Amino acid sequence: MTFFQVNGVEFSYKSTKVLDDVTFSIEKNEVTSILGPNGVGKTTLMKCINKILMPDMGSVLIEGSELHEMSRRDIAKNIGYVSQRGEMSRMTVFDSVLLGRKPHFEWEVTDRDIRLAGRVIHLMGLDDLALKYVNEISGGEYQLVQIARVLVQQPKVILLDEPTNSLDLPNQHMIMHLIRNIAIRNHIAAIMTIHDLNLAIRHSDKFIMMREGTIYATGDHSIITPQNIRAVFNIDAFVEKVKGIPVVIPI
Amino acid sequence: MVIRTKNGDISSDHDKWEGFDIYDDGDGEAIHNSSLYRGYVRKKGLMMFLALIILFVCIIIAAHNGPLNISSSDIIRYLLTFDNDGMGGVIWNIRMVRIIGAILAGSGLAVAGVVMQCILRNPLASPYTLGISSAAAFGASFAIIFLNAGSSITSTVSISNPYVTTISAFLFSLLATGAILLLTKLTRVSSETMVLAGVAISAMFAAGLSFMQYLATDSQLGNIIMWTFGDLGKATWSWNTLIMAVLLSVTLYFYYKRWDYNAMEAGEETAKGLGVHTERERILGMVLASVLSAVIVSFFGIIAFIGLLGPHIARMIIGSDHRHLIPLSIILGAIILIVADGVGQVILYPSVIPVGIITSMLGGPLFIYLLIRRYGR
Ligand SMILES: Nc1ncnc2c1ncn2[C@@H]1O[C@H](COP(=O)(O)OP(=O)(O)OP(=O)(O)O)[C@@H](O)[C@H]1O
Ligand SMILES: [Mg+2]
């Protein structure tokens, strides 16, 4: 049985069709990167996957069960989502991370929830920020907080919309390593969108290249070819291998 | 360390990022920041307790207001023993009925403001800015002019049933809320459309109110203006009981949804991703907050700024975590209105200035001061 399967998903905003017959599957322990130009429908696809937007057609299956038949809350137990734009309010970092437990508790957070949040905050090196308000930390720091929140949520599939946005070089690599190792260690999957091709190539197992609202190519790093890059991004690029890993150099 | 990937081996010294078991809650080991957090939450509880004490002090001080001199020890004794014979009757049936009216109106408007600001993602959302007050004023004027109703129970020109004014004000506030929701439904249930619809509706009712004032006779005009100034002197036990019932049930719902509101603080999409039905909560929260403020405003008249001041001061003190923000706003709303009403009774003694005038006069400058303190450099 496939771990996670997206079948024929279609979506339109009013009358403009944004997604057309998007079909792919991913396995646990894998990190998948969705690549494509601005406005191609990457964010829309992620929102359709966890029913933030209701697709016009198609289905999403996790371990064989239809996600769109689940309650919102059950979806949240299975799929975690880090949005491209989160709001920074006057809540502490600790509370913002603790929020990830929301789908799991009924009336109030338990002591275990507080331990889980505290542990993730510590492991992500956010101890010093724990009791600061998120509207008083930097954009990159908030990005880390959002990722900590989704880990505390303990989903089977993590969706990350441009998780390395506003992170510095070490933090970009830290987050990419972390996501991949978390996926392997916990037997879950991560799907992300990311505009830095080389960062994506280095830290992902699988790629989905999108063009005009549909999938142009999927596969491992062998699909990262000058032809595909030309077709999807409409630019010319060299693809050289460095230590066995393809590196994309735009001309 | 070497990170083994399907695409090749890469050396890295980021041992820290090796990944961890997300299901491990670190049972047994001491997690330093979790302990710090528990202490922090206890501290917030303590602050709430402190605010409650301040509220009680304010109540006792406010209970001194009035032509009869009653000593503090007697006041405290009457309050604690619920004794309402003789002097106790003065305390309870004349002064406390008004003070409790202030507590209910202040906390109700403040809690309505907190929830509106959260679900509409707008710091300026409040019963006043969203048109509930102007709709109520319109409804009251409508009753005074066309239904021949008196402006209030205490009004000297009161004609037929004075409750007609209140009921008409209430119905028109609900109509305003209904119109906001309908406009929102026609577009989409987003925070911006709701705020814009509220502002538009508010402007329409304000225009309608001006038009009716133009039509009104002099005595009707006097009645309308008297109604428009929120006045706690109108408080009665039966109305207090009604407001209390609405306040309790609405607040209970809001408190039950405190984590949903916390999630909405992190943004619409994040909240949805955490399993929150944001559209449903937005509509329900809007309806409940509107009904609560409509009940208060249609009885007491317009009391501006409490729905902004209470929540914003609370947010500055305790943050946006609704577990603490909701109770603290309630307490602060009550304190502010008791103080404002106390000021109104004292400054031009022996005449009493309606609290609505005081909140409008003091609320604006105070709000600007908060704005500068919070956002100024
Ligand atoms: N709320 C909306 N209403 C109407 N059209 C929208 C809406 N959101 C996005 N679109 C359109 O849908 C298309 C896909 O948008 P989407 O946000 O999914 O792109 P994306 O691939 O995530 O882009 P980016 O790389 O810039 O984040 C775009 O053409 C966009 O203009
Ligand atoms: Mg996007």
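Described below are features of the structure shown in this document. (Residues numbered from 1 in each chain as written. Chains lettered and ligands numbered in written order. Predicted model: local features only at pLDDT ≥ 70, side-chain atom pairs only at ≥ 80, totals over all residues. Heavy atoms only, no water.)

**A look at the overall build of chain B**
Thinking step 1. Scanning chain B for helices and strands turns up 14 helices and two strands.
Thinking step 2. C-alpha extents for chain B along the principal axes are approximately 90 × 55 × 40 Å.
Thinking step 3. Among the 377 residues that make up chain B, the fraction classed as buried is 55%. (Helix = DSSP H or I, 4+ residues; strand = E, 2+ residues; numbered from the N terminus. Buried < 20%, exposed > 50% of the residue type's maximum accessible area, 1.4 Å probe, protein only.)

**Description of the overall build of chain A**
Thinking step 1. A count of helical and extended segments in chain A gives eight helices and 12 strands.
Thinking step 2. Taken over the C-alpha trace, chain A has a radius of gyration of 18 Å; the compact-globule value for 251 residues is 18 Å, and the two agree within 12%.
Thinking step 3. With respect to the three principal axes, the spread of C-alpha positions in chain A is 55 × 40 × 35 Å.
Thinking step 4. Relative to its full complement of 251 residues, chain A shows a buried share of 61%.
Thinking step 5. A sequence separation of at least 24 residues applies to 65% of the contacts in chain A between residues at least 6 apart.
Thinking step 6. With the model as given, the accessible surface of chain A reaches about 9600 Å², and the carbon-plus-sulfur share is 49%.
Thinking step 7. Each charge sign in chain A was given a centre, from 27 positive and 29 negative side chains, and these centres are 2 Å apart. (Rg over C-alpha atoms; globule rule 2.2 N^0.38 Å. Contact = heavy atoms within 4.5 Å. Areas by Shrake-Rupley, 256 points an atom, 1.4 Å probe, with all protein chains shown as cover. Lys, Arg positive; Asp, Glu negative; His and termini not counted. Charge placed at Lys NZ, Arg CZ, Asp CG, Glu CD.)

**A look at the site of ligand 1**
Residue and element names in this part refer to chain A.
Thinking step 1. Taken together, 13 residues lie around ligand 1, and N38, G39, K42, T43 and T44 are the ones closest in.
Thinking step 2. Within the side chain of N38, an N or O atom sits 2.9 Å from an oxygen atom of ligand 1.
Thinking step 3. Between ligand 1 and H195, the relevant distance is 2.9 Å, taken from an oxygen atom to a side-chain nitrogen or oxygen of the residue.
Thinking step 4. Compared with its free state, where it exposes 640 Å², ligand 1 has 58% of that area covered by protein.
Thinking step 5. Looking at the shell around ligand 1 element by element, the count peaks at three residues for helix α1 (residues 42-49).
Thinking step 6. Broken down by class, the residue content of the shell around ligand 1 amounts to four nonpolar, seven polar and two charged. (Near = heavy atom within 4 Å. Polar contact = N/O pair within 3.5 Å; in protein donor to acceptor, adjacent residues only side chain to side chain. Nonpolar A, V, L, I, M, F, W, Y, C, P; charged D, E, K, R; others polar.)

**What about the pairing of strand β3 (residues 31-35) of chain A?**
Residues and elements named next belong to chain A.
Thinking step 1. By the criterion of burial, β3 is predominantly enclosed, with five of the five residues buried.
Thinking step 2. Residues V31, S33 and L35 point to one face of β3 and T32 and I34 to the other, with burial holding for every one of them.
Thinking step 3. Direction of pairing for β3 relative to strand β8 (residues 189-193): parallel, over a ladder of four bridges. Pairing of I34 across the sheet is with T193, part of β8. (Pairing = 2+ DSSP bridges.)

**Looking at the coordination of the magnesium ion (ligand 2)**
Residues and elements named next belong to chain A.
Thinking step 1. Around the magnesium ion (ligand 2), the protein contributes the donor atoms T43 (OG1) and Q84 (OE1), which lie 1.9 to 2.5 Å from the metal centre. Residue T43 is located in helix α1, and its partner Q84 is located in the loop between β6 (79-82) and α3 (93-98); the two are separated by 41 residues in the primary sequence.
Thinking step 2. Accessibility expressed as a relative area gives 35% for Q84, which makes it partly exposed. (Donors = N, O, S within 2.8 Å, 3.2 Å for Na, K, Ca; no water.)

**Quick look at the interface of chain B and chain A**
Thinking step 1. Between chain B and chain A, the contact holds 54 residues from the first and 68 residues from the second.
Thinking step 2. Linking chain B with chain A are 10 salt bridges.
Thinking step 3. One salt bridge in this structure joins D25 of chain B and R112 of chain A, with 2.7 Å as the shortest N-O distance.
Thinking step 4. Taken together, the links from chain B to chain A amount to 27 residue pairs in polar contact (both at pLDDT 80 or more).
Thinking step 5. Looking at the side of chain B that touches chain A, the elements with two or more residues in it are β1 (2-5), α1 (32-62), α8 (237-256), α9 (258-265), α10 (268-273) and α12 (306-318) of chain B.
Thinking step 6. Of the residues belonging to the side of chain B that touches chain A, the class tally is 20 nonpolar, 16 polar and 18 charged. (Salt bridge = Lys/Arg side-chain N within 4 Å of Asp/Glu carboxyl O.)

**Focus on the nonpolar core**
Thinking step 1. With 166 residues, the main nonpolar core has M124 and L151 of chain A as its most contacted residues.
Thinking step 2. With 18 residues, the top contributor of residues to this core is helix α3 (residues 87-119) of chain B.
Thinking step 3. Within the second largest apolar cluster, 31 residues are counted, among which are L19, V22, I75 and Y81 of chain A. (Core = buried A, V, L, I, M, F, W, Y, C linked by side-chain atoms within 4.5 Å.)

**Considering a nonpolar patch on the surface**
Residue and element names in this part refer to chain B.
Thinking step 1. Residues F49, L52, I53, F56, V57 and I61 make up a contiguous nonpolar surface patch of roughly 570 Å² in combined accessible area.
Thinking step 2. By the element assignment, I61 lies in helix α1.
Thinking step 3. Given a relative accessible area of 55%, I61 falls into the exposed group. (Patch = residues over 30% accessible without salt bridge, like charges linked within 9 Å, V, L, I, M, F, W, Y side chains within 5 Å.)

**Focus on the layout of surface pockets**
All names here are of chain B.
Thinking step 1. Here the largest pocket defines a volume of roughly 550 Å³.
Thinking step 2. In terms of lining, the largest pocket is formed by 20 residues, of which the most central are R188, S190, E268, E269 and K272.
Thinking step 3. When residues in the lining of the largest pocket are grouped by element, the largest group, four residues, is from α10.
Thinking step 4. Looking at the lining of the largest pocket residue by residue, the classes come out as four nonpolar, five polar and 11 charged. (1 Å grid on protein atoms, 1.4 Å probe; cavity = no way out; pocket = protein on both sides within 12 Å on 5 of 7 lines; lining within 4 Å. Points joined across faces, edges and corners; volume = space filled by probe spheres on them.)

**What to know about the sheet that holds strand β1 (residues 4-13) of chain A**
All names here are of chain A.
Thinking step 1. In space, the four strands of this open sheet follow the order β2-β1-β4-β5, with antiparallel pairing throughout. Sheet topology places β2 (16-26) and β5 (65-66) at the edges, where each strand pairs with a single neighbour.
Thinking step 2. Contacts between α1 and the sheet are confined to β1, β2 and β4 (57-62), with β2 contributing the most and set at about 65° to the helix. (Axes fitted to C-alpha atoms, helices over the stretch in contact; angles between N-to-C directions.)

**Observations concerning empty space enclosed by the protein**
Left-over empty space is what a probe sized like a water molecule reveals as it rolls over the atoms.
Thinking step 1. All chains considered together, the criterion is met by five cavities of 30 Å³ or more.
Thinking step 2. Roughly 60 Å³ of volume is contained in the largest cavity.
Thinking step 3. Counting only elements with at least two residues in the lining of the largest cavity, the list comes to β6 and α5 (139-152) of chain A together with α10 of chain B.
Thinking step 4. The biggest single contributor to the lining of the largest cavity is α5 of chain A, with three residues.

**Digging into helix α5 (residues 163-186) of chain B**
Residues and elements named next belong to chain B.
Thinking step 1. Under the 1.5 Å per step criterion, the end-to-end length of α5 is 34 Å for 24 residues, consistent within 8% with the ideal 34 Å.
Thinking step 2. Three or more residues of α5 are buried, namely T165, T166, S168, A169, F172, S173, A176, T177, I180, L181 and T184.
Thinking step 3. For α5, the secondary structure elements touched by its buried residues are α4 (132-146), α6 (191-215), α7 (218-228), α8 and α11 (278-300). (Expected span 1.5 Å × (residues − 1).)

**Focus on the pattern of salt bridges**
All names here are of chain A.
Thinking step 1. Counted according to the given criterion, the structure contains 28 salt bridges over all chains.
Thinking step 2. E63 is the partner of K156 in a salt bridge, and the nearest nitrogen-oxygen pair spans 3.1 Å. With K156 in the loop between α5 and β7 (157-161) and E63 in the loop between β4 and β5, this residue pair connects regions lying 93 residues apart in the sequence.
Thinking step 3. The exposure class assigned to K156 is partly exposed, which follows from its relative accessible area of 30%.

**Quick look at the side chain of R72 of chain A**
Thinking step 1. Relative to the assigned elements, R72 of chain A resides in helix α2 (residues 72-78).
Thinking step 2. Buried R72 of chain A, no salt bridge; nearest opposite-charge side chain is E279 of chain B, N-O distance 4.8 Å.

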